[in-house]
Amino acid sequence: MKKYFISFLCLFLFPFLLVSQSTNSTSLILQGIMDFTLPSGGNTGKAIHFTALDSISDLSLYGVGVANNGGGTDGEEFSFTGAANAGDFIYLTANEADFETYFGFAADFVDNSANNNGDDALELFSGGVVIDTFGDIATDGNGEPWEYTDGWAYRTSSTG
C-alpha cells in the first residue's frame, strides 16, 4: 500500500513541480526597442524601453544584453541600479542628448550597451537568467518581421 501511495503522490505532484519550475514570473519586461534617425540626420537615436509590472526594490537584479546581427548572446551587458515602482517606464539609451531631443525628457540610464541596430535582438536577465527576449538572438534581423530599423518595435499590450 505504501508503495502505491508514494507513486500516486509522485504522479499527482510532479506536474505541479514542473509548472512551478518552468514558469519564471518577472516584475520587469521589455516594452519596446528603438533605432530611429533624428531630424538632424544622426543615427544615434537608439533606446530600449522597459516596464516594471510590480514594485522592484533592487533593480540591480536585472540586466540587459544586445545580441548583435544574429551572433547569439553576449550575456548581460548592462545592470540596472536603484528601484522602481509598479507601472514605471524605464529607458536605457546610448546617447542621452539625442534621446532627450527626440522624446523631450531624459532617459533613466545611459550606457553604450543600448547601441542596438534595427536588426539586433535583446535579452532581459534576472539573476543571470534570461526572462524576456525580443527577436531571435541567433538570427540577423534584416528582413525579418521583427526588424525595427529607422523605427521602433513595441510589445503588444497584455502579452509576455
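Refer to the structure presented above.
About the cut-offs
Residues numbered from 1 in each chain as written. Predicted model: local features only at pLDDT ≥ 70, side-chain atom pairs only at ≥ 80, totals over all residues. Heavy atoms only, no water. Core = buried A, V, L, I, M, F, W, Y, C linked by side-chain atoms within 4.5 Å. Buried < 20%, exposed > 50% of the residue type's maximum accessible area, 1.4 Å probe, protein only. Helix = DSSP H or I, 4+ residues; strand = E, 2+ residues; numbered from the N terminus. Contact = heavy atoms within 4.5 Å. Pairing = 2+ DSSP bridges.

Caption draft 1: Representation of the nonpolar core. Judged by nonpolar contacts, the single largest core of 27 residues is most densely connected at Leu28, Ile48, Phe50 and Phe80. Looking at this core, the elements with two or more residues in it are strand E1 (28–36), strand E2 (45–52), strand E3 (62–67), strand E5 (89–93), strand E7 (121–126) and strand E8 (129–134). Here the element with the most residues in this core is E3; it accounts for four residues. The contact partners of Leu28, leaving out residues within four places of it in the chain, are Phe50, Thr51, Ala52, Ile56, Leu59, Tyr62, Phe80, Ile90, Leu124 and Ile131. Counting residues in hydrophobic clusters, the runner-up holds seven residues, among them Met34, Phe36, Leu38 and Phe99.

Caption draft 2: Looking closely at the sheet that holds E1. Within the open sheet, the five strands sit side by side as E6-E5-E2-E1-E9. Their pairing is mixed. Of all strands in the sheet, those bounded by a partner on one side alone are strand E6 (109–110) and strand E9 (151–154). One ladder, built from five bridges, connects E2 with E5; its direction is antiparallel. Within the sheet, the bridge partner assigned to Ile48 lies in E5 and is Leu92.

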